[in-house]
Every structure is written in C-alpha cells, then in structure tokens.
Amino acid sequence: MEMAVGIHNYVTPTLNPNHRNSSFSSSILRTQLPVGRTLSSFSSSTIKSPSFSHSRRNPLHSFIKCSVSEAEATETVTEKKVALVRRNDIRNIAIVAHVDHGKTTLVDAMLKQAKVFRDNQVVEERIMDSNDLERERGITILSKNTSITYKDTKMNIIDTPGHSDFGGEVERVLNMVEGIILVVDSVEGPMPQTRFVLKKALEFGHAVVVVVNKIDRPSARPEFVINSTFELFIELNASDEQCDFQAVYASGIKGMAGLSPDNLANDLGPLFETIIRCIPGPKIKKDGSLQMLVTSTEYDEHKGRIAIGRLHAGVLTRGMDVRICTPDDACRFGKVSELFVFEKFYRAPAESVEAGDICAVCGVGDVQIGETIADKNDGKALPAIRVEEPTVKMAFSINTSPFVGREGKYVTSRNLRDRLYRELERNLAMKVEDGETADTFLVSGRGTLHLTILIENMRRENFEFMVGPPKVINKRVDDKLLEPYEIATVEVPEEHVGSVVELLGKRKGLMFDMQGLGNEGTTILKYKIPTRGLLGLRNAILTASRGTAILNTIFDSYGPWSGDMSTRDLGSLVAFEDGTATSYALCSSQDRGQLFIKPGAEVYKGQIVGIHQRPGDLALNVCKKKAATNVRSNKEVSVVLDTPMDYSLDDCIEYIQEDELVEVTPKSVRMCKNPKINKKGRN
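Rules used in this analysis
- Within each chain, residues carry numbers counting from 1 in the order of the written sequence.
- Thresholds applied to this predicted model are a pLDDT of at least 70 for local features of residues and 80 or more for the giving and counting of side-chain atom pairs; totals over whole chains, interfaces and linings are not thresholded and use all residues.
- Note: side-chain values were computed over all heavy atoms of the structure, leaving out hydrogens and water.
- Only strands that DSSP links by at least two bridges are regarded as paired with each other.
- Segments assigned H or I by DSSP are reported as helices when at least four residues long, segments assigned E as strands when at least two residues long, and all are numbered from the N terminus.
- Fitting a line to C-alpha atoms yields each axis, with helices limited to the stretch in contact; the angle taken between N-to-C directions then spans 0 to 180 degrees.
- Only the six-membered ring of Trp is used, alongside the rings of Phe and Tyr, when aromatic pairs are assigned; centres must lie within 6.5 Å, and planes under 30 degrees apart are stacked while those over 60 apart are edge-to-face, with the rest tilted.
- Using a 1.4 Å probe on the protein chains alone, a residue whose accessible area is under 20% of its type maximum counts as buried, one over 50% counts as exposed, and one in between counts as partly exposed.
- Here, over-ring charges are defined by two tests on the NZ atom of lysine or the CZ atom of arginine: distance to the ring centre within 6 Å, and angle to the ring normal within 35 degrees.
- We call two residues in contact when some of their heavy atoms are within 4.5 Å.
- The length a helix should cover is 1.5 Å for every residue beyond the first.
- The working definition used for a salt bridge is a side-chain nitrogen of Lys or Arg within 4 Å of a carboxyl oxygen of Asp or Glu.
- Taken from the helix axis, the directions to the C-beta atoms give the arc we talk about.
- To define a nonpolar core, start from buried Ala, Val, Leu, Ile, Met, Phe, Trp, Tyr and Cys residues and group those joined through side-chain atoms within 4.5 Å.
- Put simply, angles under 35 degrees are roughly parallel, angles over 145 are roughly antiparallel, angles from 65 to 115 are roughly perpendicular, and the rest are oblique.
- Two helices cross in a left-handed way if the nearer one is turned anticlockwise from the farther one by less than a right angle. They cross in a right-handed way if the turn is clockwise.
- Each residue receives one of three labels: charged for Asp, Glu, Lys and Arg, nonpolar for Ala, Val, Leu, Ile, Met, Phe, Trp, Tyr, Cys and Pro, and polar for the others, Gly being one of them.

Thoughts on the sheet that holds strand S32 (residues 593-595)
Here comes step 1: If you trace the four strands from one edge of the open sheet to the other, you get S32-S34-S30-S35, paired in mixed fashion. With one partner strand each, in any of the chains shown, S32 and strand S35 (618-620) form the two edges of the open sheet. Neighbour-to-neighbour, the strand axes of this sheet turn through a mean angle of 30°, independent of strand direction.
Here comes step 2: As paired elements, S32 and strand S34 (residues 608-612) share three bridges and run antiparallel to each other. Opposite glutamine 594, over in S34, you have isoleucine 611 as the bridge partner.

Observations concerning the packing of aromatic side chains
Here comes step 1: Within this structure, the stated rule accounts for nine aromatic pairs.
Here comes step 2: Ring centres 4.9 Å apart and planes at 35° place the aromatic pair tyrosine 150 and phenylalanine 272 in the tilted group. Residue tyrosine 150 is found in strand S3 (residues 144-150), and its partner phenylalanine 272 is found in helix H9 (residues 269-278); the two are separated by 122 residues along the sequence. Each member of the pair, tyrosine 150 as well as phenylalanine 272, is classed as buried.
Here comes step 3: Judged by centre distance (6.0 Å) and plane angle (75°), the rings of tyrosine 647 and tyrosine 655 are edge-to-face.
Here comes step 4: With a relative accessible area of 21%, tyrosine 647 lands in the partly exposed category.
Here comes step 5: Site record: aromatic cluster; members linked through ring pairs are Phe596, Tyr647 and Tyr655.
Here comes step 6: The lysine or arginine in question, arginine 221, covers the ring of phenylalanine 224, its NZ or CZ lying 3.9 Å from the ring centre.
Here comes step 7: For lysine 528, the ring lying beneath its charged end belongs to tyrosine 485, and the centroid distance is 5.6 Å.

A closer look at the side chain of arginine 459
Here comes step 1: On the secondary structure map, arginine 459 appears in helix H11 (residues 448-460).
Here comes step 2: Owing to a relative accessible area of 14%, arginine 459 belongs among the buried residues under this scheme.
Here comes step 3: Aside from chain neighbours lying at most four places away, what touches arginine 459 is Val664, Thr665, Pro666, Lys667, Ser668 and Val669.

A look at the sheet that holds strand S16 (residues 346-349)
Here comes step 1: Read from one edge to the other, the open sheet built from eight strands follows the order S14-S13-S19-S10-S11-S18-S15-S16, with strand pairing classed as antiparallel. Both edges of this open sheet fall to strand S14 (331-335) and S16, since each of them pairs with a single strand only. Along the sheet, successive strands turn relative to each other by an average axial angle of 40°, direction set aside.

Some thoughts on H11
Here comes step 1: With 13 residues, H11 should cover 18 Å at 1.5 Å per step; its first-to-last C-alpha distance of 18 Å lies within 8% of that length.
Here comes step 2: Burial analysis of H11 places ten of its 13 residues in the buried class, which makes it a mostly covered element.
Here comes step 3: Two residues or fewer after H11 comes asparagine 462, characterised by a positive phi angle close to 70°.

Examining the pairing of strand S22 (residues 440-445)
Here comes step 1: Of all six residues making up S22, five are buried, and the element is well covered by its neighbours.
Here comes step 2: Across six bridges, the pairing between strand S20 (residues 392-397) and S22 is antiparallel. Each residue of the ladder has a partner; that of lysine 393, found in S22, is serine 444.
Here comes step 3: Here strand S21 (residues 431-434) runs beside S22; their pairing, made up of four bridges, is antiparallel. Each residue of the ladder has a partner; that of valine 432, found in S22, is valine 443.
Here comes step 4: Two successive antiparallel strands, S21 and S22, enclose a turn made up of five residues.

Details of the environment of glycine 370
Here comes step 1: Along the chain, glycine 370 falls in the loop between strand S18 (358-362) and strand S19 (372-375).
Here comes step 2: Residue glycine 370 is classed as buried on the basis of its relative accessible area, which comes to 8%.
Here comes step 3: Glycine 370 sits twelve residues away from leucine 382 along the chain, and the two C-alpha atoms are 8.5 Å apart.

A closer look at the environment of glycine 536
Here comes step 1: Take glycine 536: it is sitting in the loop between helix H13 (531-534) and helix H14 (537-544).
Here comes step 2: Using a relative accessible area of 16% as the deciding quantity, one classes glycine 536 as buried.
Here comes step 3: Between the alpha carbons of glycine 536 and threonine 567 there is a distance of 6.8 Å; along the sequence they are 31 residues apart.
Here comes step 4: For glycine 536, the residues in contact, after removing those within four places along its chain, are Arg507 and Glu654.

Digging into the pattern of salt bridges
Here comes step 1: Scanning all chains against the criterion turns up 33 salt bridges.
Here comes step 2: In this structure, the salt-bridge partner of arginine 305 is glutamate 425, at a minimum N-O distance of 2.5 Å. Separated by 120 residues along the polypeptide, arginine 305 in strand S11 (residues 304-313) and glutamate 425 in the loop between helix H10 (413-423) and S21 bring together distant segments of the chain.
Here comes step 3: Judged by relative accessible area, glutamate 425 falls into the partly exposed class, the value being 27%.
Here comes step 4: One continuous salt-bridge network, built from bridges that share partners, spans Arg568, Asp617, Asp659, Glu660 and Lys673.

What about helix H12 (residues 497-506)?
Here comes step 1: Within H12, the full set of buried residues consists of Val497, Val500, Leu503 and Leu504. The buried residues of H12 all sit within an arc of 130° when viewed along its axis, so they share a single face. Counted as exposed and oriented over 90 degrees from the buried face of H12: Gly498 and Lys506.
Here comes step 2: Those residues of H12 that are buried lie in contact with strand S26 (480-493), strand S27 (510-517), strand S28 (522-530) and H14.

Digging into the nonpolar core
Soluble globular proteins tend to pack their nonpolar side chains together in the buried interior.
Here comes step 1: The biggest cluster of nonpolar side chains holds 41 residues, and the ones touching the most others in it are Ile180, Leu182, Leu198, Val208 and Phe233.
Here comes step 2: A total of six residues in this core trace back to one element, the largest contributor, which is helix H7 (residues 222-235).
Here comes step 3: Filtering out sequence-adjacent residues up to four positions away, valine 208 remains in contact with Ile180, Leu182, Leu198, Leu202, Phe233, Phe245 and Gln246.
Here comes step 4: Val467, Leu573, Phe596 and Ile656 belong to the second-largest nonpolar core, a separate cluster that totals 39 residues.

A look at the packing of H12 against H14
The description of two packed helices rests on the angle between their axes and on the distance between the axes.
Here comes step 1: As a packed pair, H12 and H14 sit with axes 9 Å apart at the nearest point and diverge in direction by 150°. Overall, the two elements H12 and H14 adopt an arrangement that is roughly antiparallel. Note that H12 runs across H14; the crossing there is right-handed. Residues Ser499, Val500, Leu503 and Leu504 of H12 form the contact with H14, whose own contacting residues are Leu537, Ala540, Ile541 and Ala544.
Here comes step 2: Of the residues that constitute the contact of H12 with H14, the class distribution is seven nonpolar, one polar and no charged.

Some words on the packing of H10 against H11
Here comes step 1: It is at 12 Å that the axes of H10 and H11 come closest, and there the two elements cross at 130°. The angle between H10 and H11 falls in the class oblique. Judged by the twist between their axes, the crossing of H10 over H11 is right-handed. Between H10, through Leu416, Arg419, Leu420 and Glu423, and H11, the contact on the second element is made entirely by Leu454, Asn457 and Met458.

As structure tokens, then:
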C-alpha cells in the first residue's frame, strides 16, 4: 500500500517529537531518510523496514492506489457478517476548507464542467452562496447540497462554511458522507479551521483527498503545504490508511487540476478521477429496515418543512407511512407526501430512493434535525448528531429605547422568544435559555460572528430588540475557574508585526509560533489566547496594522482563568437629552472625541454618540442650538464637521462593554448606556 501524500520531490517534513500518542509518527521519527530521498518514496510498510520505489512516469497517469481501495478486501468479511453492501454508483463527499481558501469557487468549476448549466446560461460567481447575507459578506454560512454526474457515477457534494463560528454546520453533515475534499491554500497551508474540520472527519473515519488550491499564485509553495498537511494528520492521530492521502493540485478559478503542480490538465478530470478512486461508495443495509437521519431542514411556502438527510438503510418511497424516532426512543408516525433527490443544482422529484443516496422528504411537518425517519413497524433511531459546546453568550432583550416601534414590526418579548427558540430547530450549535427577567433571553453560540449573523437575519425579518455585550462561558472544575482559550492566527506585513505583538500581549496572548509566508513579506503569528481577549480585537488589530492584518481563530480548550484584562481604554460620549443633533453642538462636541452621528440625527438621553478621547464616559448636549439674538456679526462663521464614524453591527457589538447595549432595528443600529446599570466612571 503506497503512501499517497504526493508523487513529487518533497522536502522531508519536520515532525514534532512531542506527538507520543501516535505510533505512526514515532515510527517515522525512527526512520532516517537517506540523502536525496523524499517522503513520497515510502510506503506504509517502508516505514517499518525501509525500501524505495520511485516512479518517474507522467504524474497524471502514475496515480497512487489509495488505501481505501486496498481496504476493500479486508472489509469483505465484516460486511458479510452485518449484511452490508457497498454502492459503487454513488459518492457522497463534503468539501471543507478554511475561510477564503477557494472552496466555493472550486465547487463552481466542478458544476460548470459537469454540464450542470447550459453553455449559454448566465451563472453568477459563487453560485452555492445563494443567501443574501452570504453574498454581501463573501462567506459561506449554511451547508448546501448539490450533485453532479461523472462517468455514470453520481457525486453528492456538500458545500460547507469555512469560518470557525459555523463549525456546527460542518459537524452535522459529516455523517452524510464517506469522504471529504480538504481544500488548502497553496501559500498559507493548513489554517485553524482546516485543523478543526480535519479532526472531525478523521474521527468519523472518512477518507480524505487533499486539494492544494490556488496553485497558480506566484508565491505558491506546494511542497511546504503538503508536508504541513501531513504533519497535521500525524498531530491529529490519523490512522496509517488515512495518512495515505492523495494530493491533487488545482486552480479553482481556472477550472484546472492535476496530480503534479507543474503539469495541470485543462479541466478538473484528475480531481473527478481521484474522487471516484479514493473515496468509497456508501456502505448500506440494502434489505434492512428503513433508516434516514435528518441532518438539515428547509422551509417552503407550498411544501412546508423539508427534511434532508442520507438514507442509511432500506428504500424510501413516495406516499410511504413512516415512524419518526427521537434519540430518547420517543416515536410518532407520519407520511411522506413528496420525495426529492439532488440532481445537478436542483431538487428533482423521485418515486423512490435507495439506501446510500441523499434525499429531501416532505410531509413530516414536525420533524427535527437529529431525528430518524424509520420503518413504520420496526424502526429504530440512529445515533444523535453531536456538536461542540458554545463558548460565547449574549443577552437579548426587548427594545426599551424611546424610539421603540418606529421601524420594526415585532417588538414584544413573545415575538422575540418564539423567534429565538425557532432558530434552535436548524442551528444545532446554538443554545437559548430564559434570562433573569421575563423579557431577557441568553443566547449562546460559537463566537460573536455566529451570533451576529442571527441578529442580522432577525433585523431583516422586521424585529426590534436590544443585545448586550458578548461574554465568555466559563466552567468550574474542582473549585477552579476555567475559561475558553482559542488559537489565533494573524497574517500581518512585517512592518506591523511589533504593534500586533504588543496588542496581543496586553490581552494575555501567548505566542507559540512565528514564520514568514512565502516571498510576499507577510508574517504568520500563532497565539494561544483567552476568548475574552478576542472580544473587540478585530477592529483593534486592523487599526494597529493599518487595515492589513487578517485574524483567524479556532477554539482550543478550557484553561485556567488568566486574570483581569482591559479590552477598551477609552470611554464613550453620551447624549444627555432627547432631540435632534445640530451642527452648532456637534462642532464643539467633536473636540471631545470621534462622533457617530450627523447633524439632523434624532438622539435620546443615554444614547452613545461617539468615542471619548480619554477613559471614562462624558455626557454631551448634541442638540444645543445657537442663540438667536438681534446682534449681527460682520461675517458668517462656517461650521466644519469631521466625517462621522460609520459603525456596522459587528463593530457595535465589538465596541460595547458591560454597561452598554446595542439597539437593533430594521433600519438602524444604535448604542446606548444600559439604564439598569449605574456607571461609576461617568463624569
């Protein structure tokens, strides 16, 4: 069984000798590579007794036989015992990657080359990002299904988010697939989210195909990326078979791929062939009782709730009576009114679906994610979907400002409660609980972005409410207070490294790695930092680096409480009366700090109208008018106002502190002091 980390001349990776948990890594460390030999010269058997075989044929044709193909013989005996068969006409795959590594662009190219669209059809970029919010922000938020057909093999493809805050979307779809395509940038290499999704896939025992994307970048370094990825497999205690991954080099935007970075085909044919060869078909109980685990739900105005999942056993037909089983063995009955399979970019009606395929079911209106649609007579529930616990929480409450009800339609606590609990039906990584008062609710998520997306969606649904500052979720174990820690990776130009290091040091960050990134003059800093230190960090780090730094984070573990820390040095400028802001008042107010409002804006008492240039809050009268007298000056005095700061929803949530709130309405985002908390530092 040959190792498929690549068939190219790679440098020997530097493996960490601290990985004592992996017998595979220790055996590699005991093996000394002779001069001129590379990692790709070894097979898994070679690692125990060295011998070399190096192919110099055309790399597009001298592909490596994947471990999953060779494992078929050993699985045959087991399959007979449990009456499992493997479908070879289907491949279920998830495409996972770190944010901005080109995953959705690669899916676009796969869809186009599989003739999903007509030749004369106008197709937008990143077509899988169909949500308005996804297109505005340029990120994938929800996992989505599609399928293509290549050489009589149907490939069900699941496009997943790349941001760590939406890791729950990745976790819940991994049990629908048998393998993943791990997309890695040809310059950056494995990043925090790469590690997270790979760890989850390896725990499921999935086969992995590594795609080194953006290979056409001038500073591409494929040897480093492949070796770094291999080290990551070792760190995550991957099995010998999983470490035998096949490497494919691609340019998603050009729609080209190959098994060598220097010899790309004119299309993605090598990638499609690798998927068929290295990712096995689904193992199913063809004659078993019906079992389908619901991993996603959608809503249609005409069809109602649509349950999406993979059929693990049996056959599902339209009009069939089924049993819906929950993980706690509670059952109820329902009937499948309509049945769909994913064909190309659309859902196609089907009369029946066999085990192994991914389908959408209508008619079961109350089905939830994690429940099992099973046989009516002897149906049994499949294991429930488990996701990581949330690390950040925010308080949602009704809008209590004087402007309540002016712009929004849903303003009561009942509306707010119903909407938040409805979110739990499809968002497994989120939790909602009642707060201290009847009109307050605590919402927990993976990070501030996870919660901000919920807030933005509610805005667009005509909700009006207030949110408090994000807080970390601490734990107490053996009378010791523990807080969440995250791994922060910062890409920053060399000239701004000093200011970024100083900023992270103030927030209790501990640097454990620092390296240059290719020949682009960029440095990558890696820190272990408390989640508290990340709150409000994104804007601060952009200011310190003049807008050039890129910050990525991923949850690591819980650790000891790191002590008190200050995340904001300056206070706020607060309006002390209701009214309309005037140019005359703002002209004198702007000497006290930076303002958020323009002349003519309506304000109310307690609203935050700017950032004070010193610590502590300062109350201002921004509605003061120029006194009208009969004394005329010889010359009119023109008022010159600075351009006010334009704070987005994300910026406001990062800015506020313990005694402040963000007022969210469909048309406006305002900040105010919390009237329930008396600020001692207010002047």
